[in-house]
Amino acid sequence: MLPFHPRPMRVALQASFAATLLAAIDSTGVAEPPRDASTASLACAATTVIVRSAEAGDAEDLCRGAAAATVFFRALGRSTDTPLALDVVEQLPLDVDRRAVGCFSRRNLRAYVLTYAAFGSRQTWLGLPVSRELYTSVGAHEVAHALTACTAAAHPLSVQATEYIASVVMFGTMHTPSRDAVLALYPEADFASDWDITDVAYGLDPVRFGVGAYRHFLREPDPASFLRSVLDGGVLGERFHY
Ligand SMILES: [Zn+2]
């Protein structure tokens, strides 16, 4: 759920990972962003992800993120043969918040990530100066959304469930110094209970939500088992606000 959009209909924009961040698009309309004529496809090794990009370096960075997310999911015992597309674009689809740097559409199992040039123009992401390494983490986050869509036993998962998983995968695969630096920016971010992990918390501050999710995950007695429960819809299910 976007912090800048009203909640009412669970329409096109299901979620966005904060002001600078990442979004998950729901099953309704996704306007295709313009694509450069020089776009080439790169099949990321040991994954089912195919990155389409005009810049080979961008594709290689995002493939590293895709591979890290795939390894993370395989360690949970979750994998897929489904081809997953990741398009590198100058602009995200029109219905995505302008502050996002990536998004994922469940409708066509397609992720979109800004070019590194466009990403770099934001100057900071997650509170850190942008870098190629952080750009790789954008790829890990979006591919985690794609792998969630392909391997979840329950559909659709809640906003809090999908963003919990994507955040845990992103921070879990991030280089340690960068992860520690982001966590240090949010010393109070945490969730004492599953019940505090809500779409509202995500909407209020997606980065704080992500850091809190990661700390909550680390504290679980069996973190992998908890993530499988999230994927199976056993925890972090849909909430209804009255
Ligand atoms: Zn996300």
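Note that the structure is a prediction, hence the values are computed from the model and not measured.

Asker: What is the right way to look at the packing of aromatic side chains in this model?
Answerer: One pair of aromatic rings is described through two measures. These are the centre distance and the angle between the planes. For the coordinates displayed, the defined rule picks out ten aromatic pairs. Ring geometry for Y116 versus F119: centroids 6.0 Å apart, planes at 50°, classification tilted. One end of the pair is Y116 and the other is F119, both in helix α2 (residues 116–120) and three residues apart, which spans about a single turn. F119 matches Y116 in its accessibility class, with the two residues each being buried.

Asker: Teacher, can you tell me more about unusual backbone geometry here?
Answerer: For A46, which is not a glycine, the phi torsion comes out positive at approximately 60°. Looking at the element boundaries, A46 is found in the loop between β3 (40–43) and β4 (49–53). Exposure remark for A46: the relative accessible area of 62% places this residue in the exposed category. Even without glycine at this site, Q123 takes up a positive phi of about 75°. With respect to the helices and strands, Q123 occurs in the loop between α2 and β8 (124–125).

Asker: What exactly am I supposed to notice about helix α7 (residues 206–219) here?
Answerer: Residues spaced three or four apart along an α-helix point in a common direction, a consequence of the helix completing one turn every 3.6 residues. End to end, α7 covers 20 Å across 14 residues, agreeing with the expected 20 Å (1.5 Å per residue, within 8%). With eleven of 14 residues buried, α7 lies mostly within the body of the structure. Listing the buried residues of α7 in full gives P206, V207, F209, G210, V211, G212, A213, Y214, R215, H216 and F217.

Asker: Is there a simple way to think about the pairing of β3 in this case?
Answerer: For a regular strand, side chains alternate in direction, first toward one face of the sheet and then toward the other. Where β3 and β4 come together, four bridges link them in antiparallel fashion. Bridged to L42 within β4 is V51. Following β3, the chain reverses through five residues before pairing antiparallel with β4; A46 in that reversal takes a positive phi of roughly 60°.

Asker: Got a minute to help me understand the state of the cysteines in this structure?
Answerer: A covalent bond between the sulfur atoms of two cysteines is referred to as a disulfide. Enumeration according to the criterion identifies one disulfide in this entry. Sulfur-sulfur distance for the disulfide between C44 and C63 comes to 2.0 Å. In this structure, the disulfide formed by C44 and C63 twists by about -75° around the S-S bond and is classed as left-handed. One end of the pair, C44, is in the loop between β3 and β4; the other, C63, is in helix α1 (residues 56–75), and 19 residues separate them in sequence. The same class applies to C44 and to C63, which are both buried.

Reading guide: rules and limits
Residues numbered from 1 in each chain as written. Predicted model: local features only at pLDDT ≥ 70, side-chain atom pairs only at ≥ 80, totals over all residues. Heavy atoms only, no water. Phe/Tyr/Trp six-rings, centres within 6.5 Å; stacked < 30°, edge-to-face > 60°. Helix = DSSP H or I, 4+ residues; strand = E, 2+ residues; numbered from the N terminus. Buried < 20%, exposed > 50% of the residue type's maximum accessible area, 1.4 Å probe, protein only. Expected span 1.5 Å × (residues − 1). Pairing = 2+ DSSP bridges. Disulfide = S-S within 2.5 Å.

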